[in-house]
Amino acid sequence: MWRLRRAAVACEVCQSLVKHSSGMKGSSPLQKLHLVSRSIYHSRHPTLKFQRPHLRTSFQQFSSLTNLPLRKLKLSPVKYGYQPHRNFWPARLAARLLKLRYLILGSAVGGGYTAKKTFDQWKDMIPDLSDYKWIVPDIVWEIDEYIDFEKIRKALPNSEDLAKLAPDLDKVVESLSLLKDFFTTGSPGDTAFRATDHGSESDKPYRKVSDKEKIDQLQEELLHTQLKYQRILERLEKENKELRKLVLQKDDKGIHHRKLKKSLIDMYSEVLDVLSDYDASYNTQDHLPRVVVVGDQSAGKTSVLEMIAQARIFPRGSGEMMTRSPVKVTLSEGPHHVALFKDSSREFDLTKEEDLAALRHEIELRMRKNVKEGCTVSPETISLNVKGPGLQRMVLVDLPGVINTVTSGMAPDTKETIFSISKAYMQNPNAIILCIQDGSVDAERSIVTDLVSQMDPHGRRTIFVLTKVDLAEKNVASPSRIQQIIEGKLFPMKALGYFAVVTGKGNSSESIEAIREYEEEFFQNSKLLKTSMLKAHQVTTRNLSLAVSDCFWKMVRESVEQQADSFKATRFNLETEWKNNYPRLRELDRNELFEKAKNEILDEVISLSQVTPKHWEEILQQSLWERVSTHVIENIYLPAAQTMNSGTFNTTVDIKLKQWTDKQLPNKAVEVAWETLQEEFSRFMTEPKGKEHDDIFDKLKEAVKEESVKRHKWNDFAEDSLRVIQHNALEDRSISDKQQWDAAIYFMEEALQARLRDTENAIENMIGPDWKKRWLYWKNRTQEQCVHNETKNELEKMLKCNEEHPAYLASDEITTVRKNLESRGVEVDPSLIKDTWHQVYRRHFLKTALNHCNLCRRGFYYYQRHFVDSELECNDVVLFWRIQRMLAITANTLRQQLTNTEVRRLEKNVKEVLEDFAEDSEKKVKLLTGKRVQLAEDLKKVREIQEKLDAFIEALHQEK
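- The name recorded for the protein in an unreviewed UniProt entry is Dynamin-like GTPase OPA1, mitochondrial, from Chinchilla lanigera.
- Listed under Subunit (unreviewed entry) in UniProt, the entry text for the protein is "Oligomeric complex consisting of membrane-bound and soluble forms of OPA1. Interacts with RCC1L; RCC1L acts as a guanine nucleotide exchange factor (GEF) for OPA1 by exchanging bound GDP for free GTP. Interacts with CHCHD3 and IMMT; these interactions occur preferentially with soluble OPA1 forms. Interacts with PRELID1."

Below, the structure written as structure tokens:
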């Protein structure tokens, strides 16, 4: 009975559950009920509708396993009748706790998968370190030679053995299902209560989202994602930059003993530097790639280049033309942010403001130096290398800004010159054109776009950059206009890529970091990005720098081998031409020829010190007499010889010699010595050396001689000492022996005969040819010569009547001669009579003096007795002896000064001139000219370029 009573109570419980669940939605079959609920079986209720009561357990609401499907259990039939009350909770709990090992194993598998996925994500974000393989020692790459990895691989278990150790995934899933079943078991009404919760969620009204809202939401998420990854990328790049800086600094300190190779960009820059000096007639220097930065004036070209170089390195001015000549900037990576010029060893630290100011000042000075007088711009290139951590490797050329109108202060041809310079760089088929357009002004005012379209009509090597986008966004009424500019729809020009950048707020004192932060902040908040008018890869100078660098190196790899082949052909042609034209000569370029000429010139200067003293004195004495002989004869001897007695003669001679010595003679002697030194130096310089003489050095030697002579100054104190010596020599009248007397007579005869010959020639030119020449050579006299001849004959008649006639004609004598000539029909002028008389009397006097000189040959005896009791007077012989002795003493003094002082000073001047010429390349080009020099110069340049190109190509292949 108690069993029946117990069954009835169970039925009442079931009926009560049905009543409480009558207002609920949904139903659940019996086999879907909880295990505890299914333990009671009633034949009258095959299916029950129930409501799960709300259980206030702490783990049920937050468990992530509540959505797992419940495992179906096979129910055993329940027998009718009374059964004792049994509690199965401890057994079931123990059984499930034993299966926790599957839970732990599943957690391990899930954790391992999550860890692997996280590892793969971090691995993708790590930058490629293949460029730094050279940092790892060579022993690491050769480790396979020392360790047998094949043996180790065979020792490891194979994949089948590892699969046996892996857990059974089916058992893991089953264990997770039981775990969910365990945590979701709370009360019979749990499932029904869950169904009620889902039902309440499904009762919420569904709001349809529009397509526009979806697009805006996706764009917002895309922008945030791009910015997020951009920040991550910048952070990794910053870390990479610091690591590279540390590595390069360690290499500089010698931690790595391997010799570091020159970077690719430095090698390529050297090739371009050599090409810039090469003869432009071959036009090969224009076929190697470089990035040419062109744009209108004040469009922001220089600012874009500074952002790429990460330093404010260029001079700037408000509206003024600052870029006056092309500036070639080679960007490369290095441990320190520095800049240096090609022809200078000074490094400018770009992290210090004073060095930046000095660099800008130096660039401005070089630009102004390159600009010739009367010009505004110059085609000469300034070469600058900029190194720093994280810089993109490339070669850029900043050109003067294109102008539309020539303003005051500019040369009239400034506009055409800028166009020709820009075209010269852009017409290179491998040059990358970086076209800069100011976004803050109307696009129709731009000139550079038409110029670029002419040079690159298909846009295969043009990159368009729109600057000052922040101002453009504020000023342009229609933002779509900026989109049209960026997409290339507003201009006829085409381009590889279009970029938009911000170059600061217009303040020249802004730092690069401040400009970069402002640029990033602007594009983060810009409508141009949010409305998809611009894409994320089209903005910021950093993306522009990466794109230009990639394009540059792609162009280099495609064209450099072709250029190397062309130089090989050029080298072969030049070598063949040299062998055919100069088979026995060495291939000496201009610098080598200059060194050879320099050695020859120095040898010739040294030869001056080897000239014998006798030779110096002979040429000095002869040159000095040639310089002063006219003054001695005309101003000293002839006036003194007109006197009537020896006392007056000696007095006149002494006075005139004293005046001459005080005023003119020392200066004349120094001039003669200096001219003699020049003549000897010139003789050594220009004297042919036989077969070894090379006329290619003649212009250089002449220029060195002229410049050295111009710089040389004689010692001023020499005149004072020389004046005293000459004065003492002229005061001496004592002839010691007969030999000196004879020497004086011989010297006097030579001097008078030379004057007599000059006088005879002057008279012959005055009267014309004599009767012999007229008959033999068919020559005639002119009317003037006939008048001179008649006058000469009349004067000779008068002189023959009075052989001791004074040197001057009286006025009545002139009248008599003129009347006598008029009586014969010859009209003469008194001045003509005087001129003719001067030459006639001079000839008469010189002949008389020569006769007197012959008489004095035996007058040394009378001279010793002071001409006492003798009618013979030889004071003129004593005069010429004094002059001769003064010349000898002066020549000796000048020779000592030449050999001891002046030759050494001249040698020093020659060395200084040669050093100056060696540094002046234009001077060498001007002085060492000719086909042979140019051919050797071209051959050397082509060889140098080819070697550098081959080395660059080899390094380029190794990098690949």
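### Points about the state of the cysteines
Moving on, step 1. One pass over the structure, following the stated rule, counts 1 disulfide.
Moving on, step 2. The side chain of C856 participates in a disulfide bridge whose partner is C874; the two sulfur atoms lie 2.1 Å from each other. The disulfide joining C856 to C874 has a torsion of about -100 degrees about its S-S bond and is therefore left-handed. Remark: C874 occurs in the loop between α32 (860-864) and α33 (875-919) and C856 occurs in the loop between α31 (830-855) and α32; sequence separation between them is 18 residues.
Moving on, step 3. The class of C856 is buried, set by a relative accessible area of 0%.

### Section: the pairing of strand β6 (residues 394-398)
Moving on, step 1. In terms of burial, β6 is a largely internal element, 5 of the 5 residues being buried.
Moving on, step 2. Here β6 shows two buried faces, one formed by M394, L396 and D398 and the other by V395 and V397.
Moving on, step 3. Where strand β1 (residues 291-295) lies against β6, 3 bridges are found, and the strand directions are parallel. Counterpart to V293 in the pairing with β6 is D398.
Moving on, step 4. Note: strand β2 (residues 327-332) against β6, 5 bridges, orientation antiparallel.

### A look at a nonpolar patch on the surface
Moving on, step 1. Together, W771, W775, L776 and Y777 make up an exposed nonpolar region whose accessible area comes to about 620 Å².
Moving on, step 2. Checked against the element boundaries, W771 lands in helix α28 (residues 771-776).

### Side note on the sheet that holds strand β8 (residues 462-467)
Moving on, step 1. Pairing is mixed across the open sheet formed by 9 strands, whose spatial order is β4-β3-β5-β2-β6-β1-β7-β8-β9. Looking at strand neighbours, the two that pair on one side only are β4 (348-349) and β9 (497-500), the edges of this open sheet.
Moving on, step 2. In the sheet, β1 pairs with strand β7 (residues 432-438) via 5 bridges, with the strands oriented parallel. From the neighbouring strand, V292 faces β7, where its bridge partner is I433.
Moving on, step 3. Its contacts with the sheet put helix α15 (residues 448-455) on β1, β7 and β8, and the angle it makes with β7 is roughly 160 degrees.

### Here's the deal with the packing of aromatic side chains
Moving on, step 1. A full pass over the atoms with the stated rule returns 14 aromatic pairs.
Moving on, step 2. Aromatic pair Y637 and F845: ring centres 5.8 Å apart, planes at 55 degrees, arrangement tilted. Residue Y637 is located in helix α22 (residues 613-641), and its partner F845 is located in helix α31; the two are separated by 208 residues in the primary sequence.
Moving on, step 3. Look at Y637 and you get buried, because its relative accessible area is 2%.

### Re the packing of helix α25 (residues 698-711) against α33
Moving on, step 1. The geometry of α25 relative to α33 is characterised by a closest axis approach of 9 Å and an angle of 125 degrees between their N-to-C directions. It follows from the interaxial angle that α25 and α33 lie oblique. Two packed elements cross with a definite hand, and for α25 against α33 that hand is right-handed. In this structure, α25 contributes L700, A703, V704, E707, S708 and R711 to the contact, and α33 contributes L906, N909, V910, E912, V913, L914, D916 and F917.

### Concerning unusual backbone geometry
For residues besides glycine, phi is generally negative; the peptide bonds are generally trans as well.
Moving on, step 1. Unlike most non-glycine residues, K468 shows phi in positive territory, near 55 degrees.
Moving on, step 2. Inspection of the secondary structure assignment puts K468 in the loop between β8 and α16 (469-475).
Moving on, step 3. Not every positive phi belongs to a glycine, and T540 is a case in point at roughly 75 degrees.
Moving on, step 4. Following the sequence through the fold, T540 ends up in the loop between α19 (527-530) and α20 (541-581).
Moving on, step 5. Overall, the relative accessible area of 10% leaves T540 in the buried class.

### Considering the nonpolar core
Moving on, step 1. Residues W625, Y637, W660, W741, I883 and V910 are the most contacted members of the largest nonpolar core, which totals 101 residues.
Moving on, step 2. Considering every element that reaches this core, the biggest residue donor is α33, with 17 residues.
Moving on, step 3. In this structure, I313, V329, F341 and L356 belong to the second largest nonpolar core, which totals 67 residues.

### Describing a positive patch on the surface
Moving on, step 1. Residues K699, K710, K923 and K926 make up a contiguous surface patch of positive charge.
Moving on, step 2. Of all elements in the fold, only α25 and α34 (921-927) reach the threshold of two or more residues within the positive patch.
Moving on, step 3. As for its position among the elements, K710 is in helix α25.

Rules behind the numbers
Residues numbered from 1 in each chain as written. Predicted model: local features only at pLDDT ≥ 70, side-chain atom pairs only at ≥ 80, totals over all residues. Heavy atoms only, no water. UniProt positions renumbered as here; feature names shortened; annotations may be inferred. Disulfide = S-S within 2.5 Å. Helix = DSSP H or I, 4+ residues; strand = E, 2+ residues; numbered from the N terminus. Buried < 20%, exposed > 50% of the residue type's maximum accessible area, 1.4 Å probe, protein only. Pairing = 2+ DSSP bridges. Patch = residues over 30% accessible without salt bridge, like charges linked within 9 Å, V, L, I, M, F, W, Y side chains within 5 Å. Areas by Shrake-Rupley, 256 points an atom, 1.4 Å probe, with all protein chains shown as cover. Salt bridge = Lys/Arg side-chain N within 4 Å of Asp/Glu carboxyl O. Contact = heavy atoms within 4.5 Å. Axes fitted to C-alpha atoms, helices over the stretch in contact; angles between N-to-C directions. Phe/Tyr/Trp six-rings, centres within 6.5 Å; stacked < 30°, edge-to-face > 60°. Parallel < 35°, antiparallel > 145°, perpendicular 65-115°, else oblique. Left-handed = near helix turned anticlockwise from the far one by under 90°. Core = buried A, V, L, I, M, F, W, Y, C linked by side-chain atoms within 4.5 Å. Lys, Arg positive; Asp, Glu negative; His and termini not counted. Charge placed at Lys NZ, Arg CZ, Asp CG, Glu CD.

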